[in-house]
Amino acid sequence: MIGRIGLSRVLTRGLSSGEAAKLTIQPAIERSPTDLLNALSETVGPDTTAPHFAYIDDPITIPSTQSAKKTYFMAKEFGKRAARELATEWPTLFAFDRDQPRLPAFRPQHLADPFQVDPTEKSLLKMIKSREVQDSCVLYERLRSENVEVSEKVQLELFRLVAYYNSSNIPFSEWQEWAGIRNFGEESNGKWKTGGVADLLFETLQKTDETVSIMIAALCKFHDSQSVERAKELYKEHQTGKIHLEAFNGLIGASSFNAAKKLAAEMNSLKISPNISTFNALLFSAAKISKYEEKIKAFSEIIAEIRELDMEPALSCYYIIVKNLIDSKLLDKEKRGENEEQSYNKQLTLAVSWISEILNEIEGDIVFFKKRLKIRIFHIKIDFLQQNVISEPIFRSKFFKMYDFSHRFCQNQGISDENYKNLAPVTSQCHLFFVEAMGVLYRASNEKLAEQLRNIYESSQNSIKMPVFTVESTFYNRYLQLAIEQTPSLNRIQELYFSMVPRLVGVNNSLTSLVFRKISASSERNWPLLRRAIVDGITAGQLNGVLGEEMRKQLSNVQLHTLGTSEREQYTTLVQKLVAVWIEFSQFTEERMRRLQRKLSPSQISECALLLTRIGEQQKAYELLELLLDENASSGEEATVYPKGHARPWAMAELFEDALRKKDTYGAALCLEILSLTANRAKLEPLVNRMVEKCNVNQEQARILQGFVRLRPQ
Amino acid sequence: MLRYLQNVETHISHSYRQISTTSTLHKNRAAKTKSTSNRTQLLTYEMAQKPHHIGVRKSWLTWHSQNLEEFRQTQPLVVAQDEVVRRFIRGFFPQNLVVSGNEIVIKRRGNVLIVAGFLQYSRRLDIRRIYWMFGFAEEFLSILLKQPVKLELAFVESEEEVAYNYI
């Protein structure tokens, strides 16, 4: 029934409104099949402040300092290695074999034992291929002792391996499976092992261009004075042949600059084209020049030479230059004399101008490549137009949409900015340029260039990345400290700090004290930043010592009336937490926990009491203050308070005033007693008078108070 | 109809009296939690919801595609794997278990097996040790099951934090 009435109403309205606006259906917007997906993907992105994926995603297990990051990462990796070792040792216990095809990654196996394997050339070759250097050496010795013939080809393979690695196992930096060891493992570049398998093989093998080159390169790679001499002798002996580029590179890097130039000339005469490693070696030898001006001149010449040969200097070239622009002996501020200060400033200025030039060069290249990309897209468009548009009228009518279409076409063809990453690693040292340059800019306090350097590093054109927990962290730490140092705005500091700590930069003492310094110096107030710095300080274990003192000072300086309701709650919680932690640290009096104990100092107690009073916890504050008057608390095995030091007079004065305001006779008397430990009679008398005046003190009490003061020294 | 009558008749003719020892076991006892006089029995959310709420108010403790049509070939394998994983986690983190490790969720996504749930740290908090154990457990289970295993176990301070109700 109702439906019928409704329908009749609609019909009547429809018939009566003849002038109703026409319903026009909008033409559908043309969209590609992936437009919707692109729109969706634009709404999400990487969270740069989230913890690294290597860590357990839980607040208590996310590390905030650099050392915690390393420890946790390594702990997890060692756990994995232990499991792998078990599976290698007892494979039958892991025989839940349902995988098809069989996955060798889940079946770890022991490395072949060189004393157990068949003494054949095949086993030796297998070991060489898996780069088990020392095992290969042992097996080779075994083959020789058992008189098994080893072909010259295999011997050459072995020689290549042992010479490259100096008869030692591969360095940590080349470990593929374990990222922790690869990044955190430290190794020194050892000296050449004389009389090892490499020397033996070199004597055995024929002296061809290749063997001599390998030997020279190896001697220069693991260089000491003797090995370099030997390499030079070998080079002289082999003048009749033509040694390879790598050997030249090694010799150049190990020689003085003048000798290196001669070697480069000889390369030229032998028609051997240099590569970036050659120029790196030349720069390395130029860095040994003792006279500063000549060194800089040599750097300029080498860069000009690279350009002359139509090559682009790699970032590793710039790294060597930037590293040597300031004399290492001038880097320590405390050891610099007055004259040295001048030359340091001069060198620093020069270094900054070099970096500026280098950055402009790199940025120019990026722009140039973007232009090249545009030109290429344009050519493709033209081709496409010629092929399709002219012949098909449908494209002609939609000519104005051509740009989008051709752009999409380019994407389908795999032509994008990604193909034009002009900053690609050439050598393994390229990434060090960023951190070295940032170090110089940090010294020079040049924020503008530091920002430019950071932009280049983060640009999509750059594919040179630093290892996350080691070098990259140093890079961002320097940048952050520089940026914070340079800006007066607390909001900017907050923005920078929140975006980088602790994901990119681990919490560290210098950074925290810098933030506190900036907060103290600024007239602005920024509670979120202060709170975050203190909370980070708690997780990073900075509560004791100077930073703990700074935290108390900062919290005392907070004007509570400027905070909102929720901020005041945060303040209360933070103070409660801090005081609880300090008290807990002071109570580790048991024998086994004593190394963790941090006794409360009288100044700390007075500051904590003040903070507790601010949040309305007077009772707790007085309990703390009582510790100052309790002799048992500062002596004996169970002591929780340092016997030395005094309560802060300003904190005690405020506590006394607070007690007077509340007419708390007990509190005021407690403060007076603590103040009497340091103040004389003249200072105490007015306090007693005020106490008598403000608090409800009876005659007897007043007499005791006055008697107490009279007994104090003048 | 007549056929049914015939059945009834045979049933009656063969019936004889016997002592029943199984009458109580006919009841459905699953997920029936016994309350205490002082309401000290902790119930997690998972415990508090009845079996018929699975898929409505709570979810499954194991996630895989072997219970779907045309996927059934390896269902027993999944059950075995689940048991292996659960027992391993229970045995490997005995100090950190919450409600005896009965609520570990096992999820399978692609070739990856993900172990989720809660652990507690009130008895001992040594984060380095936790990382070592996570690394060990992940690698051990990966090698055992021949597929990548990831732990997504979150931490609570004590078991009380996962309490939904006390009865």
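These numbers were taken from a predicted model, which means no experiment stands behind them. (Residues numbered from 1 in each chain as written. Chains lettered and ligands numbered in written order. Predicted model: local features only at pLDDT ≥ 70, side-chain atom pairs only at ≥ 80, totals over all residues.)

*Asks:* In this structure, what is going on with the overall build of chain A? I would like to understand it.
*Replies:* Scanning chain A from terminus to terminus reveals 32 helices and 0 strands. Within chain A, counting contacts between residues at least 6 apart in sequence, those at least 24 apart form 69% of the total. (Helix = DSSP H or I, 4+ residues; strand = E, 2+ residues; numbered from the N terminus. Contact = placed C-beta atoms within 7 Å.)

*Asks:* I'm lost on the pairing of strand β3 (residues 105-109) of chain B in this one. Help?
*Replies:* Two faces, one strand: in a regular strand the side chains alternate between the faces of the sheet. Residues and elements named next belong to chain B. With 2 bridges joining them, strand β2 (residues 62-63) and β3 adopt parallel strand pairing. Bridge pairing links tryptophan 63 to lysine 107 in β3. Relative to strand β4 (residues 112-120), β3 runs antiparallel, the two being bridged by 5 bridges. Each bridged residue has a counterpart across the sheet, and for lysine 107 the counterpart in β4 is isoleucine 114. (Pairing = 2+ DSSP bridges.)

*Asks:* Help me out: how do you make sense of the sheet that holds β2(B) in this one?
*Replies:* Residues and elements named next belong to chain B. Ordered in space as β2-β3-β4-β5, the 4 strands form an open sheet in which the pairing is mixed. In the strand order of this sheet, the two ends are held by β2 and β5 (149-156), each with one partner. Running over the sheet, helix α4 (residues 127-145) touches β4 and β5 and is turned about 145° from β5. (Axes fitted to C-alpha atoms, helices over the stretch in contact; angles between N-to-C directions.)

*Asks:* Would you mind showing me how to read the environment of Ser256(A) here?
*Replies:* Residues and elements named next belong to chain A. Here serine 256 is to be found in the loop between α11 (245-254) and α12 (257-269). Of the residues examined, serine 256 has 12 C-beta atoms within 10 Å and is grouped as exposed. Taking the C-alpha atoms as reference, serine 256 lies 25 Å from tyrosine 344; in sequence the two are 88 residues apart. For serine 256, the contacting residues outside a window of four places in its chain are Ser285 and Lys288. (Buried ≥ 20, exposed ≤ 12 C-beta atoms within 10 Å, placed from the backbone.)

*Asks:* Looking at this structure, I do not really get the confidence of the model for chain A. What am I missing?
*Replies:* Low-pLDDT portions of the prediction should not be read for the details of their coordinates. Residues and elements named next belong to chain A. Across chain A, pLDDT averages 87, with 89% of residues at or above 70. This model gives residues 1-5 a pLDDT under 50, and the stretch forms 0 contacts once residues within four places in sequence are excluded. The model gives residues 395-400 a pLDDT under 50, and that stretch makes 4 contacts with residues more than four places away or in other chains. (pLDDT = per-residue confidence, 0-100.)

*Asks:* What is the right way to look at helix α29 (residues 649-661) of chain A in this model?
*Replies:* Each full turn of the α-helix corresponds to 3.6 residues, which orients residues three or four apart in the same direction. Residue and element names in this part refer to chain A. Over its 13 residues, α29 runs 18 Å from end to end, which matches the ideal 18 Å to within 8%, given 1.5 Å per residue. Close packing links the buried residues of α29 with α27 (602-614), α30 (665-675) and α31 (681-694). Downstream of α29 by one or two residues, lysine 663 has phi in the positive range, about 55°. (Expected span 1.5 Å × (residues − 1).)

*Asks:* Looking at this structure, how should I read the interface of chain B and chain A?
*Replies:* Many structure descriptions define interface size as the accessible area lost when the parts assemble. Each side of the interface is counted separately: chain B has 21 residues, and chain A has 23 residues. Counting only elements with at least two residues in the side of chain B that touches chain A, the list comes to α4 and β5 of chain B. Tallying contributions element by element places α4(B) first for the side of chain B that touches chain A, with 16 residues. Of the residues in the side of chain B that touches chain A, the class split is 15 nonpolar, 2 polar and 4 charged. (Nonpolar A, V, L, I, M, F, W, Y, C, P; charged D, E, K, R; others polar.)

*Asks:* Mind showing me how you'd approach the packing of helix α4 (residues 121-129) of chain A against helix α6 (residues 152-165) of chain A here?
*Replies:* What describes two packed helices is the angle between their axes and the distance between those same axes. Residue and element names in this part refer to chain A. Relative to each other, α4 and α6 sit at 30°, their axes nearing to 10 Å. By the angle between their axes, α4 is roughly parallel relative to α6. α4 and α6 meet at a crossing whose hand is left-handed. Together, Glu121, Leu124, Leu125 and Ile128 of α4 and Val154, Glu157, Leu158 and Leu161 of α6 make up the contact between the two elements. Residue composition of the contact of α4 with α6, grouped by class: 6 nonpolar, no polar and 2 charged. (Parallel < 35°, antiparallel > 145°, perpendicular 65-115°, else oblique. Left-handed = near helix turned anticlockwise from the far one by under 90°.)

*Asks:* Where do I start with the nonpolar core in this structure?
*Replies:* Most often, soluble globular proteins have nonpolar side chains that are buried together. Residue and element names in this part refer to chain A. Counting residues in each nonpolar core, the largest one holds 140 residues, and the members touching the most others are Val162, Ile216 and Val322. Ranked by residue count, the leading element in this core is helix α19 (residues 432-444), at 9 residues. When sequence neighbours within four positions are dropped, the list of residues in contact with valine 322 reads Ala351, Trp354, Ile355, Phe433, Glu436, Ala437 and Val440. (Core = buried A, V, L, I, M, F, W, Y, C linked by C-beta atoms within 7 Å.)

*Asks:* Just checking my understanding: could you explain the pairing of β4(B) for this structure?
*Replies:* Residues and elements named next belong to chain B. Here β3 folds back onto β4 in antiparallel fashion, the turn holding 2 residues, of which glycine 110 has a positive phi close to 65°. Of the strand pairs in this sheet, β4 and β5 are connected by 8 bridges, and their pairing is parallel. Its bridge partner being in β5, alanine 116 is matched across the sheet by glutamate 152. Each parallel crossover has a hand, and the one from β4 via α4 to β5 is right-handed. (Right-handed = clockwise from strand over helix to strand, strands pointing away.)

*Asks:* So what exactly am I meant to see when it comes to the domain arrangement of chain A here?
*Replies:* Once the domains are mapped, chain A shows domain 1 (110-311), domain 2 (312-486) and domain 3 (559-714). A straight line from the C-alpha centre of domain 1 of chain A to that of domain 3 of chain A covers 70 Å. (Domains from an automatic or database assignment.)

*Asks:* It is not clear to me how helix α26 (residues 565-586) of chain A should be interpreted in this structure. Could you clarify?
*Replies:* All names here are of chain A. Along its 22 residues, α26 runs 32 Å from first to last C-alpha, staying within 8% of the 32 Å computed at 1.5 Å per residue. Three or more residues of α26 are buried, namely Tyr571, Leu574, Val575, Leu578, Val579, Trp582 and Ser586. Viewed end-on, α26 has its buried residues packed into an arc of 125°, placing them on one side of the element. For α26, the exposed residues lying more than 90 degrees away from the buried face are Thr565, Ser566, Glu569, Thr573, Ala580 and Glu584. Buried residues along α26 sit in contact with α24 (527-539), α25 (546-557) and α27. (Arc of directions from axis to C-beta.)

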